[in-house]
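# Chain and residue survey
Given next are the chains, with one letter for each unit.
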Amino acid sequence: MKRLYFDYAATTPTDPEVLKAMQPYFFEKFGNPSSIHSFGQEAKKAVEDSREILAEFMGAKPDEIVFTSGGTESNNFALKGVAYALESKGNHIIISAIEHHAITEAAKFLERQGFKITLVGVDRYGLVNPEDIKKAITDKTILISIMHANNEIGTIQPIAEIGKIAREKGIYFHTDAVQTVGHIPVNVNELNVDLLSLSAHKFYGPKGVGALYIRKGTRINRFLHGGDQEKGRRASTHNTAGIVGLGRAIELCKEKMNEEALIQRGWRDRLIKEISARIPDVFLNGHPSLRLPNNINFSIKYIEGESMILHLDMLGIAVSTGSACTSASLEPSHVLLAIGLSHELAHGSLRITFGRYNTESDIDYLLENLPKVVETLRKMSPLYEKK
Ligand SMILES: *Cc1c(COP(=O)(O)O)cnc(C)c1O
């Protein structure tokens, strides 16, 4: 059976070119970048080359990049690192209601340590209103963290505008750009950010490697204690192969990103149009145009996201949902609740995200099968019968 992957927001396959670039760093060039002999220096050069590639790609300077183990670590580092560095200045942090768990859970942790967290709400499209950020600021605010684009509904936030507000007030501004780096243009100066998180496995690089951009002069405490790697900002032996893979993945995105986004926007808008036309009682979640090129999120009334996923999986189609019926919590996604969906609609959500290795015929196959699956499930649904 052919298997089609529509879950690029969860992770992407590693590009074979990336894999090829990484390969030598496991055996031939296995040195520790902190060693001063030639084995070490060879590995160090590879790490520094990747740092330059990444910095140049986002308008940063190489020494403003710290390599980490991924988006989760970068987000924890940004929040906890700034919170503890500025503890004497203030204890208030502002985040949005639709951040990734790597932000919301880090914020909850800080709340238990005595910090105050304000969750700024979003409108029905998932957009943060910069005016609401302005209103939430107090003289104790030390950090604002708003994601660039949401991983569930794809909404792209007015980051540059929020960054301008933060800068005028002298407050540090962090953005979780894990969903945007490698997909749409990301420039730390145009976005007015002081800190920015990214993760390689979301843009065709390997899992377990990412980076935090830290604008020069930003006060931040170290998050991992140990050796003095990354100029004392992040201990632990460099993941050389991973960092090389990240750099190669960035080079490929630089080359392909604009063209891919154009194609994907076409698929996105076609899917939105045709799903809305072919299936009754479906609602698009997220903003119609201020959204990631590769993201679609629908709530499909009268059925459960989980059962749609399982039925589509039997047809070889992999998608995702914001429903959490079979997981430990019965609560649906906090993102879907924050945009005002009822529990029923939130449980009926379906996220389709595509990427580099999809083709037009994958989209056709999905469009052919999704309405059938919905019809089958609705026929079995007590909610639908009562309609
Ligand atoms: C995937 C993701 C993360 C977590 O990144 P990891 O590298 O998997 O830890 C954080 N934020 C967003 C928006 C994501 O999509």
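Described below are features of the structure shown in this document. All values reported here derive from a predicted model rather than from experimental measurement. (Residues numbered from 1 in each chain as written. Predicted model: local features only at pLDDT ≥ 70, side-chain atom pairs only at ≥ 80, totals over all residues. Heavy atoms only, no water.)

## What about unusual backbone geometry?
If you check the backbone angles, tyrosine 204 has positive phi at about 75° while not being a glycine. For tyrosine 204, a relative accessible area of 1% gives the class buried. A positive phi angle, close to 50°, is found at glutamate 230, a residue other than glycine. Within the element layout of this structure, glutamate 230 appears in the loop between β8 (210-214) and α7 (240-278). With relative accessibility at 6%, the residue glutamate 230 sits in the buried group. (Buried < 20%, exposed > 50% of the residue type's maximum accessible area, 1.4 Å probe, protein only. Helix = DSSP H or I, 4+ residues; strand = E, 2+ residues; numbered from the N terminus.)

## As for the environment of isoleucine 144
Of note, isoleucine 144 is situated in strand β5 (residues 141-145). Looking at isoleucine 144, the relative accessible area reads 0%, which means it is buried. Along the primary structure isoleucine 144 and histidine 174 are separated by 30 residues, whereas in three dimensions their C-alpha atoms are 6.2 Å apart. Sequence-distant contacts of isoleucine 144, defined by excluding residues within four places in its chain, comprise Ile94, Ile133, Ile137, Ile162, Ala166, Ile171, Tyr172, Phe173 and His174. (Contact = heavy atoms within 4.5 Å.)

## Observations concerning the pairing of strand β7 (residues 195-199)
With five of its five residues buried, β7 lies for the most part within the structure. The two faces of β7 match: Leu195, Ser197 and Ser199 on one face and Leu196 and Leu198 on the other face are all buried. Inspection of the sheet shows β7 paired to β8 by five bridges, in the antiparallel sense. By the bridge assignment for β8, serine 197 is matched with leucine 212. (Pairing = 2+ DSSP bridges.)

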